[in-house]
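Residues per chain are reported as follows:
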Amino acid sequence: MRLYWFLLALFSCAILALVHNVATAESLYWTYRWLDVPMHLLGGFGMASLLIAFLFRYRPVYLLLGMVAISVGWEVFEVLIGTPQSADYVFDTAKDLLNNAIGGSVAYVLARYTIWHSA
């Protein structure tokens, strides 16, 4: 495991959890519709950072598969717990998955040019 990537993942997930708890308690997701975008960007970055921390070698396919599994799993989880769904649910879910992918891509690029630079 790469300690720095693990700590980065923990830090980004802690920020994500803190902001999410405040946003949920104060109904900020409904007041500020744009808040969902940075949350999914940060979530994608945090997920990818955690996966990178546990990948011992350059394995972009494993990173991609892990990101897809976690992202789709989260969207299914939101449905199962009864998160209120908007009329444009399909578009919103696609946007969430895209933002997760963008956040994960940022983590991938950082890893590619730091710890995976010789791969």
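Everything numeric here is computed off the predicted structure, so don't read it as measured data.

Caption draft 1: Seen up close, the overall build of the protein. Across its full length, the protein carries five helices and zero strands. Taken from the N to the C terminus, the helices and strands of the protein come in the order α-α-α-α-α. Projected onto the principal axes, the alpha-carbon positions of the protein cover approximately 45 × 25 × 20 Å. Counting only residues that meet the buried cut, the protein has 29% of its 119 residues in that class. Expressed as a percentage of contacts within the protein between residues at least 6 apart in sequence, the contacts between residues at least 24 apart total 70%.

Caption draft 2: Here's a closer look at the environment of Ser12. The residue Ser12 is located in helix 1 (residues 3-25) in this model. Note on Ser12: relative accessible area 5%, which makes it buried. Considered as a pair, Ser12 and Ser49 are 37 residues apart in the sequence and their alpha carbons are 8.8 Å apart. Discounting residues that sit within four places of it in the chain, Ser12 has contacts with Leu42, Phe45 and Gly46. Here Ala9 takes part through its backbone oxygen, which lies 3.1 Å from a polar atom of the side chain of Ser12.

Caption draft 3: Inspection of the packing of aromatic side chains at higher detail. Counted by the stated rule, this structure contains seven aromatic pairs. Ring centres 6.3 Å apart and planes at 80° place the aromatic pair Tyr29 and Trp30 in the edge-to-face group. We classify Trp30 as partly exposed; its relative accessible area is 47%. Taken together, a centroid distance of 6.4 Å and an interplanar angle of 35° make the contact between Tyr58 and Tyr108 tilted. Of the two residues, Tyr58 sits in the loop between helix 3 (36-54) and helix 4 (60-80) while Tyr108 sits in helix 5 (residues 89-112), which places them 50 residues apart along the sequence.

Caption draft 4: Region of interest: the nonpolar core. In terms of nonpolar packing, the biggest core is built from 12 residues, these being Trp5, Phe45, Met47, Ala48, Ile52, Ala53, Leu55, Leu63, Met67, Ala107, Ala111 and Trp116. For this core, the secondary structure elements donating two or more residues are helix 3, helix 4 and helix 5. Contacts of Leu55, omitting those with residues within four sequence positions, involve Arg2, Tyr62, Leu63 and Trp116.

Caption draft 5: Layout of helix 4. For helix 4, spanning 21 residues, the distance from its first C-alpha to its last is 30 Å, which sits close to the expected 30 Å at 1.5 Å a residue. Taken together, the buried positions of helix 4 are Leu63, Gly66, Met67, Ser71, Glu75 and Glu78. The buried residues of helix 4 all sit within an arc of 155° when viewed along its axis, so they share a single face. More than 90 degrees from the buried face of helix 4, the exposed residues found are Val61, Tyr62, Leu65, Ala69 and Leu80. Close packing links the buried residues of helix 4 with helix 3 and helix 5. Positive backbone phi, at 85°, marks Gly82, one or two positions downstream of helix 4.

Rules behind the numbers
- Residues numbered from 1 in each chain as written.
- Predicted model: local features only at pLDDT ≥ 70, side-chain atom pairs only at ≥ 80, totals over all residues.
- Heavy atoms only, no water.
- Helix = DSSP H or I, 4+ residues; strand = E, 2+ residues; numbered from the N terminus.
- Buried < 20%, exposed > 50% of the residue type's maximum accessible area, 1.4 Å probe, protein only.
- Contact = heavy atoms within 4.5 Å.
- Polar contact = N/O pair within 3.5 Å; in protein donor to acceptor, adjacent residues only side chain to side chain.
- Phe/Tyr/Trp six-rings, centres within 6.5 Å; stacked < 30°, edge-to-face > 60°.
- Core = buried A, V, L, I, M, F, W, Y, C linked by side-chain atoms within 4.5 Å.
- Expected span 1.5 Å × (residues − 1).
- Arc of directions from axis to C-beta.

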